[in-house]
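Overview (structure and organization)
Each chain, letter by letter, is given below.
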Amino acid sequence: MIMEQRLTDEERLTLKTGAFGAVFLVSNADPGMLGVIRESIAASSALADASGAIKEALTTGPLPRLPRDSQLEIESVVLPALRQAVLILRDRSPQDVEAYRSLVLGAADRVARAHAGVVPAEAAVIDQIRGALAEPA
């Protein structure tokens, strides 16, 4: 029987940084004021679907601090957080790994589709997110 272990504050922040950061990466790939509102609503709706350890991680503690200067800088924080989140869950709550991947990719997809469909820059970012969430070799 697989037992879920309670996540530490730092681990929860890593999961939150990955999930919220992924949404921010996609939104930032095709910026625009009108789109931001629709994308925020789409992200909130998607992330609200979380349950168990993932929901706890996304709804407790401080918000992650994400860089805002450039897409590359955001990627340098978010993509490693996503990789680390998968490792954390694989170790502490293995039954939640696939749920986290699905939640993050679903939220990224909803954000991309929220305003005028998925543009190539958003699709490229979603591919990066998918790669970061892949099982490490």
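Rules behind the numbers
- Residues numbered from 1 in each chain as written.
- Predicted model: local features only at pLDDT ≥ 70, side-chain atom pairs only at ≥ 80, totals over all residues.
- Heavy atoms only, no water.
- Helix = DSSP H or I, 4+ residues; strand = E, 2+ residues; numbered from the N terminus.
- Buried < 20%, exposed > 50% of the residue type's maximum accessible area, 1.4 Å probe, protein only.
- Contact = heavy atoms within 4.5 Å.
- Areas by Shrake-Rupley, 256 points an atom, 1.4 Å probe, with all protein chains shown as cover.
- Axes fitted to C-alpha atoms, helices over the stretch in contact; angles between N-to-C directions.
- Parallel < 35°, antiparallel > 145°, perpendicular 65-115°, else oblique.
- Left-handed = near helix turned anticlockwise from the far one by under 90°.
- Nonpolar A, V, L, I, M, F, W, Y, C, P; charged D, E, K, R; others polar.
- Salt bridge = Lys/Arg side-chain N within 4 Å of Asp/Glu carboxyl O.
- Phe/Tyr/Trp six-rings, centres within 6.5 Å; stacked < 30°, edge-to-face > 60°.
- Lys NZ or Arg CZ within 6 Å of the ring centre and 35° of its normal.
- Polar contact = N/O pair within 3.5 Å; in protein donor to acceptor, adjacent residues only side chain to side chain.

Secondary structure summary: the protein contains six helices and zero strands in total. Along the protein, from the amino end to the carboxyl end, the secondary structure elements read α-α-α-α-α-α. Here the protein, with 137 residues, has 42% of them falling under the buried criterion. Excluding contacts between residues fewer than 6 apart, the proportion of contacts in the protein whose partners are at least 24 apart in sequence is 85%. Put simply, the protein shows about 7,300 Å² of open surface, and 57% of that area lies on carbon and sulfur atoms.

Helices that pack against each other are described as a pair by the angle of their axes relative to one another and the distance between those axes. One can describe the packing of helix α1 (residues 9-29) onto helix α6 (residues 120-133) by two numbers: an axis separation of 8 Å at closest approach and a directional angle of 160 degrees. Classified by the angle between their axes, α1 and α6 sit roughly antiparallel to one another. Read as a crossing pair, α1 and α6 show a hand that is right-handed. In this structure, α1 contributes Ala22, Leu25, Val26 and Ala29 to the contact, and α6 contributes Ala121, Glu122, Val125, Ile126 and Ile129. The class makeup of the residues in the contact of α1 with α6 is eight nonpolar, no polar and one charged.

Using the criterion set out here, one finds eight salt bridges in the structure. Here Arg92 makes a salt bridge to Glu11, at a shortest N to O gap of 3.0 Å. Taken together, the residues span a long stretch of sequence, with Arg92 in helix α4 (residues 71-92) and Glu11 in helix α1 at a distance of 81 residues. Exposure remark for Glu11: the relative accessible area of 16% places this residue in the buried category. Linked through salt bridges whose partners overlap, the residues forming this network are Arg6, Asp9, Arg12 and Glu56.

Locating Thr8 in the fold gives a position in the segment before α1. Sequence separation between Thr8 and Ala57 is 49 residues; the distance between their C-alpha atoms is 9.2 Å.

Okay, the packing of aromatic side chains next. Applying the stated criterion to the full structure yields zero aromatic pairs. Positioned above the aromatic ring of Phe24, the side-chain terminus of Arg68 is 4.9 Å from the ring centre.

Another aspect to go through is the environment of Glu11. On a C-alpha basis, the gap between Glu11 and Arg92 in space is 9.8 Å, while along the polypeptide they are 81 residues apart. With residues up to four places along the chain from it excluded, the contact list for Glu11 reads Arg6, Ile88 and Arg92. A polar side-chain atom of Glu11 sits 3.0 Å from a polar atom in the side chain of Arg92.

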